[in-house]
Amino acid sequence: MNGNVTVVFIFSLYLVCMLAIGLKYYNKSETLSQYVLGGRKLNSWVTAMSSQASDMSGWLLMGLPGYAYLSGVEAMWIALGLGIGTYINWKVVAKRIRKYTEIAGNSITISGYFENRFRDDSKALRVISAIVILVFFTIYTSSGFVAGGKLFNAVFGMPYIYALTVSSIIVIAYTFLGGFMAVCWTDLIQGILMFFAVTAVPIVAASKVGGWGTLITKWNSIDVNFMNPIVGISGSPMSAIAIISLLAWGLGYFGQPHILTKFMAIESSKKIKKARTIAMIWVVISLLAAVMIGMIGRIYLGESLKGTLSENVFIFMVNDIFNSVIKGMLLSAILSAIMSTADSQLLVSSSALTEDIYKSILKKEASDKELVWVSRFTIIVISVIAYFMALNPQSSILSLVAYAWAGFGAAFGPVVLLSLFWKRATRNGALAGMIVGGVTVILWKNIHGGIFELYEIVPGILFATLTIIIVSLLDREPSKEIQDEFHSVSESSI
């Protein structure tokens, strides 16, 4: 009983700190640009940690370890794909999108960038991209709420519905109050806490089961294929489609608005290199450690965790290994992971409705104060929808994340890359590609068997890219103004 009181105290202390940050920035978000992009004032450390913390979400400490618990070293394919994708995104996309979004009409949202980049006076790009954001981020946010519900349920024994409600309210509160700067500074703290938790647990757990030599022996005794990266637990060799599907998680990075907006918000493109180094160290170690948590958990906890219950492997290990104080800190890391992603998603979703629909179409003369409040109340509306989607306690965190990740990767990824690096891309090509990518993911997700076991992000990106190229080449060449702006990005020192 005393142990639970200590955990509750540490949880409460952590939440008070997060809400205090939200209150600090409450009066500093007077314009929509400040509320959704922080006035482009982020330093390298905050950009790096915020982008990675909001990227990984609750699935880093729950979804990925749960997958590794069931499948063994096969989970490394996902980690490898994500590591490569993270590096390419920082190396190729980050600097150019920081420059281009400011040069192209000082765009503060991805949707606004698309409109300004292609000079789309029809508002079609804005509206369609805003719809994509709302659809897939609602699914993504619900995965965070599911993780929060499972966390409070497992730790405190609360009925899932109450656990879900408490965790959802926490995320909504400080996102509502502080906006982008609150999100980014809390992400910095949350990223550090996540890193500490994900690395500490496998190290301590490994020592408790006898060290790495003992672990390897026991893994082989479970199933000879548990340690084989190209043979599944079923005993059958992994198909090329299966391996491609796992690696293809890395392709999703180029279209994730909650990550791209962090690139857009850094103070200068010159600070990208330092931020990239920080981010890559964090992500490589964290991904490897998360897989290790699941694999070690298979030995430490036995083979009792089945189905979506396997996603609680981190929670059960922490409960068993550590004292109440450390337990409270490490379990707060799960809440950190959940909050760091859900808050960014809610903020991007609210900015899509506010900037791309309310201001652009419904009320062009709206004041900054009005837009900030519309954005805040939009957060509540989206959260309510995500909350109802999360009511099923059997929902898989990893499955929900995979669906939303594919949706953004296919709908936005090709448009982002080609808009940044191909001057011949046109508005009609971008619009057609965005629609084809998003629709392909939705349709492919609901087709099973044979070649259609391929992760939906792969055909989505392929079809979207081909569509953009073909439609753009058939379309009228972009104006001289657009092409001159394209070339000016490379010369800019922003």
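In this report, the structure presented in the accompanying data block is examined. All chains use their own residue numbering, which begins from 1 and follows the written sequence. Local features in this predicted model are restricted to residues of pLDDT 70 or higher, and side-chain atom pairs are both shown and tallied only at a pLDDT of 80 or more, whereas totals for entire chains, interfaces and linings draw on every residue. Think of the side-chain values as coming from all heavy atoms in the structure, minus any hydrogens and water.

To continue, consider the overall build of the protein. Per the convention used, a helix needs a DSSP run of H or I reaching at least four residues, while a strand needs a run of E reaching at least two, with both numbered from the N terminus. Within the protein, the regular secondary structure consists of 20 helices and 0 strands. The reference for a compact globule is 2.2 Å times residues^0.38; the radius of gyration itself is calculated from the C-alpha atoms. Taking 494 residues into account, the globule formula puts the C-alpha radius of gyration at 23 Å, and the protein, at 22 Å, falls close to it. Each of the three principal axes of the protein carries a C-alpha extent, and together these read 65 × 50 × 40 Å. Out of the 494 residues belonging to the protein, those deemed buried represent 60%. For the protein, the accessible area works out to roughly 18,100 Å², and carbon and sulfur atoms hold 67% of it. Here the positive residues are Lys and Arg and the negative ones are Asp and Glu; neither His nor the chain ends is included. A charged residue contributes its charge at one atom only: NZ of Lys, CZ of Arg, CG of Asp or CD of Glu. When the 36 basic and 27 acidic side-chain charges of the protein are each reduced to a single mean position, those positions are 6 Å apart. Think of it in three bands: with a 1.4 Å probe and only protein chains considered, a residue is buried below 20% of the maximum accessible area for its type, exposed above 50%, and partly exposed in between. Exposure was quantified through the Shrake-Rupley algorithm and a 1.4 Å probe, taking into account, for residues, occlusion by the shown protein chains and nothing else.

Moving on: the layout of surface pockets. Any space left empty among the atoms is revealed by the rolling of a water-sized probe across them. Here a cavity denotes a set of grid points, spaced 1 Å apart and computed over the protein atoms alone, in which a 1.4 Å probe fits but from which it cannot get out, and a pocket denotes an open set meeting protein on both sides within 12 Å along at least five of seven lines; residues with an atom within 4 Å of a point are reported as lining. Grid points are joined across faces, edges and corners, and a volume is the space filled by probe spheres set on the points. Put simply, the second largest pocket is a space of about 180 Å³. Along its surface, the second largest pocket is lined by Phe118, Arg119, Asp120, Thr426, Arg427, Asn428, Asp475, Arg476, Glu477, Pro478, Ser479 and Ile482.

Turning our attention to the nonpolar core. Counting residues in hydrophobic clusters, the biggest one holds 154 residues, and the most contacted among them are Trp59 and Leu151. When checking whether two residues touch, look at their non-hydrogen atoms; a contact exists if any pair is within 4.5 Å. The residues contacting Trp59, other than those within four sequence positions of it, are Leu64, Pro65, Ile78, Leu82, Leu287, Ile397, Leu398 and Val401. In these notes, a set of buried Ala, Val, Leu, Ile, Met, Phe, Trp, Tyr and Cys residues joined through side-chain atoms within 4.5 Å is what counts as a nonpolar core.

By the definition in use, this model includes 2 cavities of 30 Å³ or more. Approximately 60 Å³ is the volume found for the second largest cavity. Taken together, 13 residues form the lining of the second largest cavity, with Ser57, Gly58, Tyr140, Ser143 and Gly144 sitting closest to its centre. Of the residues assigned to the lining of the second largest cavity, the class counts are 7 nonpolar, 6 polar and no charged. Residues were grouped as follows: Ala, Val, Leu, Ile, Met, Phe, Trp, Tyr, Cys and Pro as nonpolar; Asp, Glu, Lys and Arg as charged; and all remaining residues, including Gly, as polar.

Bringing the packing of helix H3 (residues 44-56) against helix H12 (residues 272-300) into the picture now. Simply put, an axis is a line fit to the C-alpha atoms, just over the touching stretch for a helix, and the angle between two N-to-C directions goes from 0 to 180 degrees. Packing of H3 against H12 leaves a shortest axis separation of 8 Å and a crossing angle of 35°. Helix-helix and strand crossings are classified by hand; for H3 and H12 the assignment is right-handed. Every residue of H12 that contacts H3 at Ser44, Trp45, Ala48, Met49, Gln52 and Met56 is listed here: Lys274, Ala275, Ile278, Ala279, Trp282, Val283 and Leu287. Crossings are assigned a handedness: left-handed for a near helix turned anticlockwise from the far helix by less than a right angle, right-handed for a clockwise turn.

Look at Arg119: it is not a glycine, yet its phi comes out positive at around 50°. With respect to the helices, strands and loops of the structure, Arg119 is situated in the loop between helix H6 (110-118) and helix H7 (124-156). Here Lys123, not a glycine, exhibits a phi torsion of approximately 70°, which is positive. By relative accessible area, Lys123 is classed as partly exposed at 24%.

As for its placement among the helices and strands, Ser143 is situated in helix H7. Relative accessible area serves as the criterion here: at 4%, Ser143 is assigned to the buried category. Pairing of N or O atoms within 3.5 Å defines a polar contact, subject to two protein rules: one partner must be a possible hydrogen donor and the other a possible acceptor, and residues neighboring in sequence count only if both atoms are side-chain atoms. A distance of 2.5 Å separates a polar side-chain atom of Ser143 from the backbone oxygen of Tyr140. Here Ser143 is in contact with Ile397, Leu400 and Val401, once residues within four sequence places are set aside.

By definition, no residue in a patch forms a salt bridge, and every one has over 30% relative accessible area; like charges are joined within 9 Å, nonpolar side chains (Val, Leu, Ile, Met, Phe, Trp, Tyr) within 5 Å. Here, a salt bridge means any side-chain nitrogen of Lys or Arg that lies within 4 Å of a carboxyl oxygen of Asp or Glu. Together, Ile161, Tyr162, Trp373, Phe377, Ile380, Val384, Phe388 and Leu391 make up a nonpolar patch on the protein surface, roughly 740 Å² of accessible area in all. Taken together, the elements giving at least two residues each to the nonpolar patch come down to helix H8 (160-208) and helix H15 (368-389). For the nonpolar patch, the element with the most residues is H15, which contributes 5 residues. You can see Leu391 is positioned in the loop between H15 and helix H16 (397-411). Taking relative accessible area as the criterion, Leu391 reaches 33% and is therefore assigned partly exposed.

Okay, a positive patch on the surface next. A grouping of Lys91, Lys95, Lys270 and Lys273 is seen on the molecular surface, where their side chains present a positively charged patch. Tracing the sequence through the fold places Lys273 in helix H12.

Bringing the environment of Phe263 into the picture now. Relative to the helices and strands, Phe263 resides in helix H11 (residues 257-265). Counting along the chain gives 164 residues from Phe263 to Lys99, while the straight-line C-alpha distance between them is 9.6 Å. The residues contacting Phe263, other than those within four sequence positions of it, are Asn89, Trp90, Ala94, Ile97 and Arg98.

Moving on, we come to the pattern of salt bridges. Under the definition given, this model contains 11 salt bridges. In this structure, Arg98 and Glu102 form a salt bridge, with 2.6 Å as the shortest nitrogen-oxygen distance. Taken as a pair, Arg98 and Glu102 lie in helix H5 (residues 76-103) at a separation of 4 residues, close to a single helical turn. The buried category is assigned to Arg98, whose relative accessible area is 2%.

Two elements in contact, H16 and helix H18 (residues 427-445), have axes separated by 7 Å at closest approach and are oriented at 155°. With respect to their mutual orientation, H16 and H18 come out roughly antiparallel. By crossing handedness, the relation of H16 to H18 is classed as right-handed. Two secondary-structure elements touch here, H16 through Ser399, Tyr403, Ala406, Gly407, Ala410 and Ala411 and H18 through Gly433, Met434, Gly437, Gly438, Val441, Ile442 and Lys445. The labels follow the angle: roughly parallel below 35 degrees, roughly antiparallel above 145, roughly perpendicular from 65 to 115, and oblique for the rest.

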